[in-house]
Amino acid sequence: MIMPIISYGSKILKQKSKDISIDYPNLKNLIDDMFETMYAANGVGLAAPQIGLGIRLFIVDGSPFSDDDVSMQDFRKVFINPQIIEESGNKWSFNEGCLSIPSIREDVSRFSNIRIVYKDSEFNNRDEYYDGTKARIIQHEYDHIEGLLFTDHLGVIKKRLLKSKLNEISRGKVNVGYRMKFSHKKSR
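Procedures and definitions
- Residues numbered from 1 in each chain as written.
- Predicted model: local features only at pLDDT ≥ 70, side-chain atom pairs only at ≥ 80, totals over all residues.
- Heavy atoms only, no water.
- Helix = DSSP H or I, 4+ residues; strand = E, 2+ residues; numbered from the N terminus.
- Rg over C-alpha atoms; globule rule 2.2 N^0.38 Å.
- Buried < 20%, exposed > 50% of the residue type's maximum accessible area, 1.4 Å probe, protein only.
- Contact = heavy atoms within 4.5 Å.
- Areas by Shrake-Rupley, 256 points an atom, 1.4 Å probe, with all protein chains shown as cover.
- 1 Å grid on protein atoms, 1.4 Å probe; cavity = no way out; pocket = protein on both sides within 12 Å on 5 of 7 lines; lining within 4 Å.
- Points joined across faces, edges and corners; volume = space filled by probe spheres on them.
- Nonpolar A, V, L, I, M, F, W, Y, C, P; charged D, E, K, R; others polar.
- Salt bridge = Lys/Arg side-chain N within 4 Å of Asp/Glu carboxyl O.
- Phe/Tyr/Trp six-rings, centres within 6.5 Å; stacked < 30°, edge-to-face > 60°.
- Lys NZ or Arg CZ within 6 Å of the ring centre and 35° of its normal.

Colleague: Any chance you could explain the overall build of the chain here in plain terms?
Modeller: Within the chain, the secondary structure is distributed over three helices and seven strands. The C-alpha radius of gyration of the chain comes to 16 Å, within 12% of the 16 Å expected for a compact globule of 188 residues. With respect to the three principal axes, the spread of C-alpha positions in the chain is 40 × 40 × 30 Å. Here the chain, with 188 residues, has 47% of them falling under the buried criterion. Sequence-distant contacts in the chain: of pairs separated by 6 or more residues, those separated by 24 or more amount to 65%. Total accessible area on the chain stands at roughly 9,800 Å², and carbon and sulfur atoms take up 47% of it.

Following this line, the structure appears as structure tokens:
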């Protein structure tokens, strides 16, 4: 089932999410619905807060980047209760966007390497290292479960310049090709 994506301005996007247990209700269906929602919106990642759930869960699929990086072809994962325990390497900038903040893209600087511990979709413990674009996608989605948005990484002047556009998004004054739920307006 395709769910509406929560827009910038919604309180849940600024709240730190909570861990879940193996008996979280309908977890497999939720994960399937998140992938369906992400694909319908042409995204490469989706975090539970973006669909209105304050839980530590996000999904990724880096295959849209596979033309530039063959290793991204099979980079489709589920992260439950993740913790980034190490960020290292050089910081590098990349033009990021977000399904909750449509029509805005900005350069964000992030570490090139991460180590993350998490549970997979079968609740198996994982301890993995990622670099490059994989690390960036994970860091972006991880920010969502920490109550952060990519715009929080921008400088004061850039944030000021984007303020009116962000306010318009929160009011639903943006055209998107997927279902959204706006903080000041009904779903469409």
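Colleague: Can you walk me through the environment of Lys-28 in this structure?
Modeller: Within the secondary structure layout, Lys-28 lies in helix α1 (residues 27-40). Take Lys-28: its relative accessible area is 60%, and that puts it in the exposed class.

Colleague: In this structure, what is going on with the layout of surface pockets? I would like to understand it.
Modeller: Where empty space is left can be seen by rolling a probe of water-molecule size over the atoms. The calculated volume of the largest pocket comes to roughly 420 Å³. Lining the largest pocket are 23 residues; nearest its centre among them are Val-44, Glu-96, Gly-97, Cys-98 and Arg-105. Listing elements by their share of the lining of the largest pocket, those giving two or more residues are β4 (76-98), β5 (101-119) and α2 (132-145). Of the voids in this model, the second largest pocket is the one considered here, and its volume is about 240 Å³. Lining the second largest pocket, in full, are Ile-22, Leu-27, Lys-28, Ile-31, Asp-32, Phe-35, Arg-76, Lys-77, Val-78, Ser-121, Glu-122 and Phe-123. Of all elements in the fold, only α1 and β4 reach the threshold of two or more residues within the lining of the second largest pocket. The element that contributes the greatest number of residues to the lining of the second largest pocket is α1, accounting for five residues. Classifying every residue of the lining of the second largest pocket by side-chain character gives six nonpolar, one polar and five charged.

Colleague: Please clarify how the pattern of salt bridges should be interpreted in this entry.
Modeller: Any two side chains of opposite charge can pair, so long as their charged atoms come close to each other. Counted by the stated rule, this structure contains 12 salt bridges. Bridged by salt links that share partners, the residues Lys-16, Asp-19, Arg-56 and Glu-146 form one connected network.

Colleague: What is the right way to read the packing of aromatic side chains from this model?
Modeller: The geometry of an aromatic ring pair is captured by two quantities: the separation of the ring centres and the angle between the planes. Tallying each qualifying case throughout the model produces seven aromatic pairs. Measuring from centroid to centroid gives 4.8 Å for Phe-58 and Phe-79, while their planes differ by 20°, and the two rings are stacked. Of this pair, Phe-58 sits in strand β3 (residues 57-61) while Phe-79 sits in strand β4; the two residues are 21 residues apart in sequence, bridging distant segments of the chain. Look at Phe-58 and you get buried, because its relative accessible area is 0%. Put simply, the rings of Phe-58, Phe-75, Phe-79, Tyr-118 and Tyr-130 touch in pairs and so form one group of aromatic residues. Over the aromatic face of Phe-35 sits the side chain of Arg-76, whose NZ or CZ is 3.7 Å from the ring centroid. The ring of Phe-111 carries Lys-91 above its face, with NZ or CZ at 5.0 Å from the centroid.

These values are about where atoms sit, not about what they do.
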